[in-house]
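# Observations on the three-dimensional arrangement
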Amino acid sequence: MKLRDMMILSFLSSSLVVIVIVWFSIRKMYLTDQDGYLIIAITILANILGAALGLFLLRNTFHSLNKLSKQTKVIKENQFTKIHLQHAPKELQTLAEDFNEMVTALADSFNALEKSEQDKSNLVAQLGHDIKTPITAIKNQIEAIQDGIIAKSEIDQTLNQMAYQIERLTALTKQLMEVSIMEKNSLKGPQNKEQKIWLDQFLLTLLASFEYILKKKKQQLKLEIDAKVTTLITDEGKLNRILTNLIENASKYSGEQTTIYLKITAVADRVIFSVTDEGSGIRPEDQAKIFDRLYRVEKSRNPETGGSGLGLYISKNLAEQLNGRLEVESDFGKGSIFRLTLSTEPEKAMPV
Ligand SMILES: Nc1ncnc2c1ncn2[C@@H]1O[C@H](COP(=O)(O)OP(=O)(O)OP(=O)(O)O)[C@@H](O)[C@H]1O
Ligand SMILES: [Mg+2]
């Protein structure tokens, strides 16, 4: 039954009770029949007027309830409109405020879901392209060898190019697996394998892996370590992956014959790893975005500097997993500094 009908029924029943009571009272009062009928008529009239006035005063309440019901229905069609009930009773206004809060939360979740769906289809489209490029290059080179287009003397060089393309594919696959593990664990990633590491040994292994790419671009890497830091308790694998990504970028986005500086300093209970380059630098408006998944400043996927825009996204996440933080400071056209700050007490969250 509708609320309005319930109200009318309740007015009618209360009027009936009043009329019956008045009728019995009149009979005890020795009044003439005419006066009795008059009093009954006045009572009925008063009740009708009372009911009409009550319904008139409640019209805003009925209107607000209808509005609320309509707005609730359109949520199904993903229309997240807020409701404003100015003349409604206080309780309904509070209900409208709660409703609006719920609508905001629903709209936020819906937008986040839509964005994540969009991100996923972008990821598939871009990675499809990144995977197809080296595979097409390898396929063309194999066909060229099979058709005898490539001279025997050039085969070694072609094989080297093929090995480079395969390396790109392997690196991309590794990154993808890392992103997939991170996102499956809602960005927390696998547990840290904390251990005491000796920095000199750690850096020796790390820097050895860059010998080839630095030589190719005639770049130098200068190392500066604060004598106070000899050991550190952290997840060696994660630290290695962050610094590898940073040094790789420093080399990739800098010209030939430039210098890259890796500086390790101790400040209070923190250790700071900074990677400085003399490269292209990053515009202020791009600085916050480079840590986003798939973001690349240079939109064209140039095979020379080609990457997928996953390196910094993974690195920032790994830094957070180590309870640390990764930041950038850059001067466009001059170079960049990427700073990784870790706590010497890794269990403690890093204050902002
Ligand atoms: N040292 C740097 N100097 C200038 N630009 C940089 C530097 N490091 C990163 N960038 C910019 O930030 C973008 C994102 O870097 P990120 O490492 O995430 O991806 P990528 O290098 O393009 O690909 P990959 O996934 O192979 O690392 C790069 O495309 C580049 O435009
Ligand atoms: Mg990179």
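The structure this text deals with has already been given above.
The structure contained in this document is the topic of the report that follows.

The rules behind each value
- Residues numbered from 1 in each chain as written.
- Chains lettered and ligands numbered in written order.
- Predicted model: local features only at pLDDT ≥ 70, side-chain atom pairs only at ≥ 80, totals over all residues.
- Heavy atoms only, no water.
- Helix = DSSP H or I, 4+ residues; strand = E, 2+ residues; numbered from the N terminus.
- Rg over C-alpha atoms; globule rule 2.2 N^0.38 Å.
- Buried < 20%, exposed > 50% of the residue type's maximum accessible area, 1.4 Å probe, protein only.
- Near = heavy atom within 4 Å.
- Polar contact = N/O pair within 3.5 Å; in protein donor to acceptor, adjacent residues only side chain to side chain.
- Areas by Shrake-Rupley, 256 points an atom, 1.4 Å probe, with all protein chains shown as cover.
- Nonpolar A, V, L, I, M, F, W, Y, C, P; charged D, E, K, R; others polar.
- Patch = residues over 30% accessible without salt bridge, like charges linked within 9 Å, V, L, I, M, F, W, Y side chains within 5 Å.
- Salt bridge = Lys/Arg side-chain N within 4 Å of Asp/Glu carboxyl O.
- Axes fitted to C-alpha atoms, helices over the stretch in contact; angles between N-to-C directions.
- Parallel < 35°, antiparallel > 145°, perpendicular 65-115°, else oblique.
- Left-handed = near helix turned anticlockwise from the far one by under 90°.
- Contact = heavy atoms within 4.5 Å.
- Phe/Tyr/Trp six-rings, centres within 6.5 Å; stacked < 30°, edge-to-face > 60°.

The number of helices and strands found in the chain is 10 helices and seven strands. What you see for the chain is a C-alpha radius of gyration of 37 Å, clearly larger than the 20 Å of a compact globule of 352 residues, by over 25%. Across its three principal directions, the C-alpha atoms of the chain cover 130 × 60 × 35 Å. Counting every position in the chain, which comprises 352 residues, the buried fraction comes to 33%.

So, on to the site of ligand 1. Taken together, 20 residues lie around ligand 1, and N249, Y253, D277, R296 and L312 are the ones closest in. A distance of 3.1 Å is found between an oxygen atom of ligand 1 and a backbone nitrogen or oxygen belonging to G311. For ligand 1, the protein covers 95% of the area, taking 600 Å² as the surface of the free molecule. Counting residues per element, the ones that place at least two in the shell around ligand 1 are α8 (236-252), α10 (311-321) and β7 (335-343). Here the shell around ligand 1 is built from residues that sort into eight nonpolar, nine polar and three charged.

Another point: a nonpolar patch on the surface. Together, M1, L3, M6, I8, L9, L12 and L65 line one region of the surface with nonpolar side chains, adding up to about 680 Å² of accessible area. Tallying contributions element by element places helix α1 (residues 3-27) first for the nonpolar patch, with five residues.

This next bit is on the packing of helix α3 (residues 59-74) against helix α4 (residues 90-146). Two elements in contact, α3 and α4, have axes separated by 11 Å at closest approach and are oriented at 15°. Our classification of the angle between α3 and α4 gives roughly parallel. Pair α3 / α4 crosses with left-handed handedness. Contacts from T61, S64, L65, L68, Q71 and T72 in α3 reach L92, L95 and F99 in α4. Residue composition of the contact of α3 with α4, by class: five nonpolar, four polar and no charged.

Turning our attention to the packing of aromatic side chains. This model, assessed by the stated rule, comprises two aromatic pairs. Plain terms: the ring middles of F80 and F110 are 5.5 Å apart, the flat faces sit at 50° to each other, and that makes the pair tilted. Of the two residues, F80 is situated in the loop between α3 and α4 and F110 in helix α4; the sequence distance between them amounts to 30 residues. Overall, the relative accessible area of 24% leaves F80 in the partly exposed class. By relative accessible area, which is 26% here, F110 ends up partly exposed. When the centroid spacing of 6.4 Å and the interplanar angle of 70° are considered together, the rings of F291 and F338 count as edge-to-face. Remark: F338 occurs in strand β7 and F291 occurs in the loop between α9 (284-287) and α10; sequence separation between them is 47 residues. On the basis of relative accessible area, F291 is assigned to the buried category, the value being 10%. Judged by relative accessible area, F338 falls into the buried class, the value being 7%.

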